[in-house]
Number of protein chains: 2
Amino acid sequence: MGSGNEAWLEQARREVPPRKLAKQMAIASAACGVFGREGYARASVDTLAAEAGISTRTLYNHFPGGKAELFRTVVSWTSGEVAQAQLARMAAVLDPERPPRAEDLERELVALARAFVGLLADYPNHFALVRHIHAEVDHVPAEVLAAWRDAGPGAAGRALADAMASLAAAGLLDVHGDPALAAQHFLALTSHLIVQLSSYGVLPLAPAEADRLITGGVAAFVRAYRAA
Amino acid sequence: MGSGNEAWLEQARREVPPRKLAKQMAIASAACGVFGREGYARASVDTLAAEAGISTRTLYNHFPGGKAELFRTVVSWTSGEVAQAQLARMAAVLDPERPPRAEDLERELVALARAFVGLLADYPNHFALVRHIHAEVDHVPAEVLAAWRDAGPGAAGRALADAMASLAAAGLLDVHGDPALAAQHFLALTSHLIVQLSSYGVLPLAPAEADRLITGGVAAFVRAYRAA
DNA sequence: ACCGAACTACAACGAGCGTTGCACTTTTTA
DNA sequence: TAAAAAGTGCAACGCTCGTTGTAGTTCGGT
């Protein structure tokens, strides 16, 4: 031991081994499916380990806190992933630098709503998990809940509010002094409504019916918020 | 035994003892709180019995199917109760025989939205249970789910659609050919939005903020659906 | 090829759960 | 008041689960 040992310690402390991180994300990804399918109480450690293709002992090596720590990790991890995807879709449809022409507004908003609703189909595990978070809100640590809220619905809401403000600045919408509320109303009339009627994507909703709901919701939104 | 015994049997079969029914409803009422607080998996039979003030053995005497049968009973029982309350509030605000004057329309709709949102505070156990139903949709028997859906949100949606049709017939609203969709949009802009932002009533939402959401939602609805 | 780290299989533990049977007490009812 | 119905307390069963220790195995980096 001596200077060599010290150098090693210093390096180990500095560099977070990427190998471990990748494995932990793989475990968390698999756990997201299990927690979403079974819920926290029903999900057994054996099932979680099996779904990740590892032994229970390895799971405890990576997450010394056991099931609880794994759950916390999964919640913050998937929220970030899905929120990022949502922001990406929003940026793809609504470029704040180039506001749409007035006659294209409704078409663009329909595209945006379709993109949001598509998230439900593309991340079923995540939204199943969200259902359980809603249900077990009393048993989830407050800090975890706050972090999830901020990274998930909060981030999306803020970004959409900015987009609404942009459209208002371009003279396409009249947000009636509250772009954040306009953003919430847009979500309520489109994705929230579909979430409600399809029971979080569990009930099969005919594509034609979903489209009718989306276009109808956007039409109502435009009637309520179009610039006079 | 003999003719006396036969008469007794006949009577017993004819009359459903009201005593048992009352007790079972009391048990179910207490169980609603426990299931809502803990969820199905976490709720233990001991807790359910203690909350109802009975022994576990008595619980099994009333519900031979055990926890599962009790849960099924609770779901259908509370759904009916709350749906009935919701219909009552709707009838109290919107009398189909006497449509409001045009200048009172928005005020009446705000009153209706407030009545709906008030359900959240008045039946917290029920809505906590609904959260768990949503989360465990895969583990709830399909028949129970269908019955709940029909008695709960379904009944309310149909009644509200009728009310919207009435308002349209009175020349106060333009439902754009789909009174049911207008009803869903009303719910989405008012109670659904508040449910979402307050996490099913768990997050404390300042009364002033709730009121701002309600009036803002109704205002947007009126802008989208007022008769031209 | 080697060394250390990561991983596995296996067994065990303590606790909690749903459920049932049994003997006993209380309440209702005729 | 006496029979019958309803309720109680207790013990026990079998099962699942979370978690940990240990000894042996595989694997990545040098």
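Residues numbered from 1 in each chain as written. Chains lettered and ligands numbered in written order. Predicted model: local features only at pLDDT ≥ 70, side-chain atom pairs only at ≥ 80, totals over all residues. Heavy atoms only, no water.

1. Some remarks on the relation of the copies chain B and chain A
The two copies are related by a screw operation: chain B maps onto chain A through 180° of rotation and 0.0 Å of translation along the axis, at an RMSD of 0.1 Å. With respect to symmetry, the two chain copies, as superposed, fit the operation of a two-fold axis. Considering only C-alpha atoms, the part of chain B nearest the rotation axis is Ala224 of chain B, at 2.1 Å. Both copies contact each other with a shared surface, as 100% of the interface residues of chain B are interface residues in chain A too. (Least-squares fit on C-alpha atoms with pLDDT ≥ 70 in both. Contact = heavy atoms within 4.5 Å.)

2. Here's the deal with helix H7 (residues 124-135) of chain A
Between its first and last C-alpha atoms H7 of chain A spans 17 Å; for twelve residues at 1.5 Å apiece the expected length is 16 Å, and the two agree. By the criterion of burial, H7 of chain A is predominantly enclosed, with ten of the twelve residues buried. Looking only at H7 of chain A, the buried set comprises His126, Phe127, Ala128, Leu129, Val130, Arg131, His132, Ile133, His134 and Ala135 of chain A. Turning to H7 of chain A, the residues buried within the fold contact helix H2 (18-42), helix H5 (66-93), helix H6 (105-122) and helix H8 (142-169) of chain A together with helix H7 (124-135) and helix H9 (179-197) of chain B. (Helix = DSSP H or I, 4+ residues; strand = E, 2+ residues; numbered from the N terminus. Expected span 1.5 Å × (residues − 1). Buried < 20%, exposed > 50% of the residue type's maximum accessible area, 1.4 Å probe, protein only.)

3. As for the packing of helix H5 (residues 66-93) of chain B against H7 of chain B
All names here are of chain B. Contact pair H5 / H7: the axes reach a minimum separation of 10 Å and the direction vectors enclose 125°. As far as their axial angle goes, H7 and H5 are oblique. Crossing angle aside, the handedness with which H5 passes H7 is left-handed. For the pair H5 and H7, the contacting residues are Phe71, Val74, Val75, Thr78, Ser79 and Val82 in the first and His126, Phe127, Leu129 and Ile133 in the second. Taken together, the residues of the contact of H5 with H7 sort by class into seven nonpolar, three polar and no charged. (Axes fitted to C-alpha atoms, helices over the stretch in contact; angles between N-to-C directions. Parallel < 35°, antiparallel > 145°, perpendicular 65-115°, else oblique. Left-handed = near helix turned anticlockwise from the far one by under 90°. Nonpolar A, V, L, I, M, F, W, Y, C, P; charged D, E, K, R; others polar.)

4. Regarding the protein's contact with DNA strand C
As a matter of local geometry, DNA strand C sits amid 16 residues, with Thr58 and His62 of chain A together with Val45, Tyr60 and Lys67 of chain B nearest to it. Sugar plus phosphate: this is where 65% of the atoms of DNA strand C within 4 Å of the protein reside. Ser55 of chain A is positioned with one of its backbone polar atoms (N or O) 3.1 Å from a phosphate oxygen of DNA strand C. One nitrogen or oxygen atom from the side chain of Arg57 of chain B is found 3.0 Å from a base nitrogen belonging to DNA strand C. Those elements that place two or more of their residues in the surface near DNA strand C are H2 and helix H4 (56-62) of chain A together with helix H4 (56-62) and H5 of chain B. By residue number, the principal contributor to the surface near DNA strand C is H4 of chain A, which donates three residues. (Near = heavy atom within 4 Å. Polar contact = N/O pair within 3.5 Å; in protein donor to acceptor, adjacent residues only side chain to side chain.)

5. Some details on the protein's contact with DNA strand D
Every one of the 17 residues lining DNA strand D counts as a neighbour, but Val45, Tyr60 and Lys67 of chain A together with Thr58 and His62 of chain B are closest to it. When atoms of DNA strand D within 4 Å of the protein are sorted by moiety, sugar and phosphate together comprise 66%. Within the backbone of Val45 of chain A, a nitrogen or oxygen atom sits 2.7 Å from a phosphate oxygen of DNA strand D. Interatomic distance of 2.5 Å between a side-chain N/O atom of Thr58 of chain B and a phosphate oxygen of DNA strand D. Elements with a contribution of two residues or more to the surface near DNA strand D: H4 and H5 of chain A together with helix H2 (18-42) and H4 of chain B. The dominant element in the surface near DNA strand D, judged by the number of residues it contributes, is H4 of chain B, at three residues. Looking at side-chain class alone, the surface near DNA strand D contains five nonpolar, six polar and six charged residues.

6. Describing the layout of surface pockets
Residue and element names in this part refer to chain B. Reported here for the second largest pocket is a volume of approximately 390 Å³. Contributing to the lining of the second largest pocket are 22 residues, with Leu120, Ala121, Ser198, Tyr200 and Gly201 lying nearest its centre. Elements represented by at least two residues in the lining of the second largest pocket include exactly helix H6 (105-122), H7 and helix H10 (207-225). In terms of residues, the lining of the second largest pocket owes the most to one element, H6, which gives five residues. For the lining of the second largest pocket, the per-class residue count stands at 16 nonpolar, three polar and three charged. (1 Å grid on protein atoms, 1.4 Å probe; cavity = no way out; pocket = protein on both sides within 12 Å on 5 of 7 lines; lining within 4 Å. Points joined across faces, edges and corners; volume = space filled by probe spheres on them.)

7. Here's the deal with the nonpolar core
In terms of nonpolar packing, the biggest core is built from 86 residues, with Leu160, Met164 and Phe186 of chain A together with Leu160, Met164 and Phe186 of chain B touching the most fellow members. In this structure, Val34, Ala43, Leu129 and Leu145 of chain B belong to the second largest nonpolar core, which totals 26 residues. (Core = buried A, V, L, I, M, F, W, Y, C linked by side-chain atoms within 4.5 Å.)

8. Topic: the UniProt feature "DNA-binding region" (unreviewed entry) in chain A
The residues that UniProt annotates with the feature "DNA-binding region" (unreviewed entry) are residues 44-63 of chain A. With 75% helix and 0% strand, residues 44-63 of chain A has end C-alpha atoms that lie 15 Å from one another. (UniProt positions renumbered as here; feature names shortened; annotations may be inferred.)

9. Some details on the confidence of the model for chain A
Averaged over every residue, the pLDDT of chain A is 91; residues scoring 70 or more account for 93%. This stretch, residues 1-14 of chain A, has a pLDDT under 50; its non-local contacts, to residues over four places away or in other chains, come to zero contacts. (pLDDT = per-residue confidence, 0-100.)

10. A look at the interface of chain B and chain A
In this complex, chain B contributes 37 residues to the contact, which on the side of chain A involves 37 residues. When chain B packs against chain A, the two sides together hide about 3,400 Å² of surface, and 56% of this comes from carbon and sulfur. Run the count over chain B and chain A and you get six salt bridges. As a salt-bridge pair, Arg42 of chain B and Glu136 of chain A come within 2.0 Å of each other at their nearest N and O atoms. At the boundary of chain B with chain A, the tally comes to 18 residue pairs in polar contact (both at pLDDT 80 or more). Taken together, the elements giving at least two residues each to the side of chain B that touches chain A come down to H2, H7, H9 and H10 of chain B. In terms of residue count, H9 of chain B provides more of the side of chain B that touches chain A than any other element does, nine residues in total. Taken together, the residues of the side of chain B that touches chain A break down into 16 nonpolar, eleven polar and ten charged. (Buried area = accessible area lost by both parts, 1.4 Å probe. Salt bridge = Lys/Arg side-chain N within 4 Å of Asp/Glu carboxyl O.)

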